[in-house]
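The lines below spell out each chain.
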Amino acid sequence: MERGEFRGSGKRRRKCCLILCVAVILIIIIAVVLSLTLRQETSDFKTIFLDRCKKFKENNCENIWEVFQKIYVNRDPCQVPMEAYDPLITAAPFKPSCNKTMFWSKTKDVVHSFTEKRDCFLTMEDTLLGSVLDGLTWCGKEGSNETLTTGCPGWTECENNTVRSFWNRASAEFADTACGNVTVMLNGSIMTPFDSRSIFGSIEVKRFNSKRVRNLNVLLVMQKNAVVNCTTDSLQELQKVLDKGIKYNCKEVPESLIEECSSHPEKPCESCW
Ligand code: APR
């Protein structure tokens, strides 16, 4: 081999080595950044969980967190059935709330802007678990001990996803604790205020039992663009699936009346609408 050729191949080898080293360093940096980001996601999520939990003067929040994260961590986020949350319900049980339970479907904002100001009703989001997880997204992935808060599968990707299964399980339990007079706010601005595929329609209503629940009061929220009233077919469907011993009643309530009642705490809730 000529001297020049030898020098040329040495140079090429050094160049290859350099490219390889840079690639390895880049991979290490990306892995470290990813793992730090995931750890940060877990720690931010855990902080929100514990802060919200402690507002309930609950001493057991660390234990509730441990039970909670064991349910989905290191698991396929599409393979978490609602029963997986049983231990969480045992760790943070729902307390019975007679005559105050309020359900909702497609009316989350209206209901909560009311319950934030008045305490005559208790919604899922006023319970410990409902409040702690309200509006959050979480899931795990196989081979990792972290909690992910982005990129989690939703309803369109799979039925047994981490978040949906939690709301299904918690809603079933919440409905089981309802007794006496039960209220639901439904949306008068859509054609199907009672949707049999919603959590209210597919889970909660089916758990109402005439031994515990005496009345179901539907408050149909009427905005200016309302498209249905209490006589709509969709609400006839609701009556059909309701346990026969439960008395049904529906009232059309203008949204403005709900807002007015929110801003008059001195007004008894019974006379709001
Ligand atoms: N935070 C985030 N998402 C929620 C929450 C919440 N607090 N509650 C429910 N979800 C999810 C569920 O996956 C649900 O499908 O948002 C969707 C709300 O859809 P809607 O059709 O508006 O209502 P519905 O499916 O009937 O669920 C509301 O579930 O949590 C119970 O007691 C609650 O009666 C209420 C019902």
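For clarity, every value in this text was computed on a predicted model and none was experimentally measured. (Residues numbered from 1 in each chain as written. Predicted model: local features only at pLDDT ≥ 70, side-chain atom pairs only at ≥ 80, totals over all residues. Heavy atoms only, no water.)

**Observations concerning helix H4 (residues 108–115)**
In step 1: Turning to H4, its buried residues are Val110, Val111, His112, Phe114 and Thr115.
In step 2: Lining the buried residues of H4 we find strand E2 (102–104), strand E3 (178–187), strand E4 (213–222) and helix H9 (255–262). (Buried < 20%, exposed > 50% of the residue type's maximum accessible area, 1.4 Å probe, protein only. Helix = DSSP H or I, 4+ residues; strand = E, 2+ residues; numbered from the N terminus. Contact = heavy atoms within 4.5 Å.)

**A short note on helix H2 (residues 61–72)**
Given 3.6 residues per helical turn, the α-helix brings residues three or four places apart onto the same face.
In step 1: Its twelve residues give H2 an end-to-end C-alpha distance of 18 Å, which sits within 8% of 16 Å, the value for a rise of 1.5 Å per residue.
In step 2: Restricting attention to buried positions, one finds in H2 the residues Cys61, Ile64, Trp65, Val67, Phe68, Gln69, Ile71 and Tyr72.
In step 3: Looking at the residues trailing H2, positive phi occurs at Asn74, about 60 degrees. (Expected span 1.5 Å × (residues − 1).)

**Examining the pairing of E3**
In step 1: Among the ten residues in E3, nine count as buried, and that is most of the element.
In step 2: As defined by bridge partners, strand E1 (residues 97–98) adjoins E3 across two bridges and the pair is classed as parallel. Within E3, the residue paired with Cys98 across the bridge is Cys179.
In step 3: Sheet topology note: the E2/E3 ladder contains three bridges and is parallel. (Pairing = 2+ DSSP bridges.)

**So, the pattern of salt bridges**
In step 1: Under the defined criterion, the tally for this structure stands at nine salt bridges.
In step 2: When the shortest N-O distance is used, the salt bridge between Lys108 and Asp134 registers 2.9 Å. With Lys108 in helix H4 and Asp134 in the loop between helix H5 (128–133) and helix H6 (162–177), this pair connects stretches of sequence that are 26 residues apart.
In step 3: What makes Asp134 partly exposed here is its relative accessible area of 24%.
In step 4: The salt bridge partner of Arg169 is Glu173, with a shortest N-O separation of 3.0 Å. Here the residue Arg169 and the residue Glu173 both occupy positions in helix H6, the gap between them amounting to four residues, near one helical turn.
In step 5: Judged by its relative accessible area of 14%, Arg169 is buried.
In step 6: The network of salt bridges with shared partners includes Asp86, Arg169 and Glu173. (Salt bridge = Lys/Arg side-chain N within 4 Å of Asp/Glu carboxyl O.)

**Structural notes on the packing of aromatic side chains**
Aromatic rings in a pair are described by how distant their centres are and how their planes are angled relative to each other.
In step 1: What the rule picks out here adds up to 20 aromatic pairs.
In step 2: With a centroid separation of 6.2 Å and 90 degrees between ring planes, the pair formed by Phe194 and Phe200 is classed as edge-to-face.
In step 3: By relative accessible area, which is 6% here, Phe194 ends up buried.
In step 4: For Phe200, a relative accessible area of 1% translates into the label buried.
In step 5: Three or more aromatic residues joined by ring pairs form one cluster here, namely Phe45, Phe49, Trp65, Phe68, Tyr72, Tyr85, Trp138, Phe166 and Trp167.
In step 6: Lying over the aromatic face of Trp155, Arg164 brings its terminal NZ or CZ to 4.2 Å of the ring centre. (Phe/Tyr/Trp six-rings, centres within 6.5 Å; stacked < 30°, edge-to-face > 60°. Lys NZ or Arg CZ within 6 Å of the ring centre and 35° of its normal.)

**Side note on the environment of Pro153**
In step 1: Mapped onto the elements of the fold, Pro153 is located in the loop between H5 and H6.
In step 2: Classification of Pro153 as buried rests on a relative accessible area of 14%.
In step 3: C-alpha separation for the pair Pro153 and Asp126, spaced 27 residues apart in sequence, amounts to 26 Å.
In step 4: Filtering out sequence-adjacent residues up to four positions away, Pro153 remains in contact with Pro77, Cys78, Cys139, Cys158 and Asn161.

**Here's the deal with the state of the cysteines**
In step 1: The full count for this structure, using the stated rule, is seven disulfides.
In step 2: Each disulfide pairs two cysteine sulfurs, and for Cys53 the partner residue is Cys61, the sulfurs being separated by 2.1 Å. Because the sign of the S-S torsion sets the handedness, a value of about -90 degrees for the bond joining Cys53 and Cys61 places this disulfide among the left-handed ones. Cys61 carries the same exposure label as Cys53, and that label is buried.
In step 3: Across the disulfide, Cys98 is cross-linked to Cys179 (sulfur-sulfur distance 1.8 Å). Where Cys98 bonds to Cys179 through sulfur, the torsion about that S-S bond is close to -90 degrees, and the disulfide is left-handed. Within this pair, whereas Cys98 is found in strand E1, its partner Cys179 is found in strand E3, the two being separated by 81 residues in sequence.
In step 4: Assessed through its relative accessible area of 44%, Cys98 is described here as partly exposed. (Disulfide = S-S within 2.5 Å.)

Remember, this is a structural readout, not a statement about activity or role.
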